[in-house]
Amino acid sequence: MAQERTIVIAVDGSSDSEYAFNWTIENILKENDYLICAHCPEPMPLTTGDPVTISNQFKVIEDGVQHLIAKFAEILKKKSIKGKVLRLTGKPKEAIIAASKEEKANMIVTGTRGLGIVGRTILGSVSDYVAHNAQIPVVIVRKE
């Protein structure tokens, strides 16, 4: 049977993201779908100071990214889900849109932290941006 849909799901290691991932598997994913777990680490803020300290900060971030990628790759394998994990770069909200285009995705799924109006205004919401800028359907999953 042919591949049905390609679904990009944004994962970031948060409980909201993990909830959206599990919800997608339980409620949206069909047998022949291809699931792409897309992770885009937040850019590390520029800091000044001791090069060893800065190098250690980069290492901690990179170790976290590698752990997250391995975790989702293992879940896909254990559950026999066709798919892959993508490491994206840049601003997460823009990178998710770009990845969905490159992968010819049919749908994007993202969690939401429920920042509220003030938080979205100050921080900007990845899910809001994706919902307003994607050219394909977007499902925003909110934790119960």
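Analysis parameters
- Residues numbered from 1 in each chain as written.
- Predicted model: local features only at pLDDT ≥ 70, side-chain atom pairs only at ≥ 80, totals over all residues.
- Heavy atoms only, no water.
- Helix = DSSP H or I, 4+ residues; strand = E, 2+ residues; numbered from the N terminus.
- Expected span 1.5 Å × (residues − 1).
- Contact = heavy atoms within 4.5 Å.
- pLDDT = per-residue confidence, 0-100.
- Salt bridge = Lys/Arg side-chain N within 4 Å of Asp/Glu carboxyl O.
- Pairing = 2+ DSSP bridges.
- Axes fitted to C-alpha atoms, helices over the stretch in contact; angles between N-to-C directions.
- Core = buried A, V, L, I, M, F, W, Y, C linked by side-chain atoms within 4.5 Å.
- Buried < 20%, exposed > 50% of the residue type's maximum accessible area, 1.4 Å probe, protein only.

The next thing to look at is helix H2 (residues 51–78). Over its 28 residues, H2 runs 40 Å from end to end, which matches the ideal 40 Å to within 8%, given 1.5 Å per residue. Elements in contact with the buried residues of H2: helix H1 (15–27), strand S2 (34–39) and strand S3 (83–87). One or two steps after H2, the chain reaches Ser80, where phi turns positive at roughly 55°.

Before going further, it helps to spend a moment on the confidence of the model for the protein chain. In this model, the protein chain carries an average pLDDT of 87, and 86% of its residues clear a pLDDT of 70 or more. Contacts of residues 118–123 to residues separated by more than four positions or lying in other chains number 5 contacts, the stretch itself having pLDDT below 50.

Before going further, it helps to examine the pattern of salt bridges. Using the criterion set out here, one finds 5 salt bridges in the structure. When the shortest N-O distance is used, the salt bridge between Arg5 and Asp33 registers 2.6 Å. In this pair, Arg5 is assigned in the segment before strand S1 (6–10) and Asp33 in the loop between H1 and S2, connecting sequence segments 28 residues apart.

Let's shift gears to unusual backbone geometry. You will see that Ser80, though not glycine, has its phi angle at about 55°, which is positive. Here Ser80 shows up in the loop between H2 and S3. Backbone geometry places Lys104, a non-glycine residue, at a positive phi of 55°. For Lys104, the position within the fold is in the loop between helix H3 (92–102) and strand S4 (107–112).

What follows is about the sheet that holds S2. The 5 strands lie next to each other as S3-S2-S1-S4-S5, forming an open sheet whose pairing is parallel. A single partner strand is all that each edge strand has here, and the edge strands are S3 and strand S5 (138–142). Sheet twist, expressed as the mean angle between neighbouring strand axes with direction ignored, is 20°. The strands touched by H1 are S1, S2, S4 and S5; relative to S4, the strand with the most contacts, the crossing angle is about 140°.

Another aspect to go through is the nonpolar core. By size, the foremost hydrophobic cluster in this structure holds 20 residues, and its most contacted members are Ile9, Phe21, Leu35 and Cys37. For this core, the secondary structure elements donating two or more residues are S1, H1, S2, H2 and S4. The element contributing the most residues to this core is H2, with 5 residues. Setting aside anything within four residues of it in sequence, one finds Phe21 in contact with Ile9, Leu35, Cys37, Phe72, Ile75 and Leu76. Residues Val8, Leu86, Ile96 and Val130 belong to the second largest nonpolar core, which totals 15 residues.

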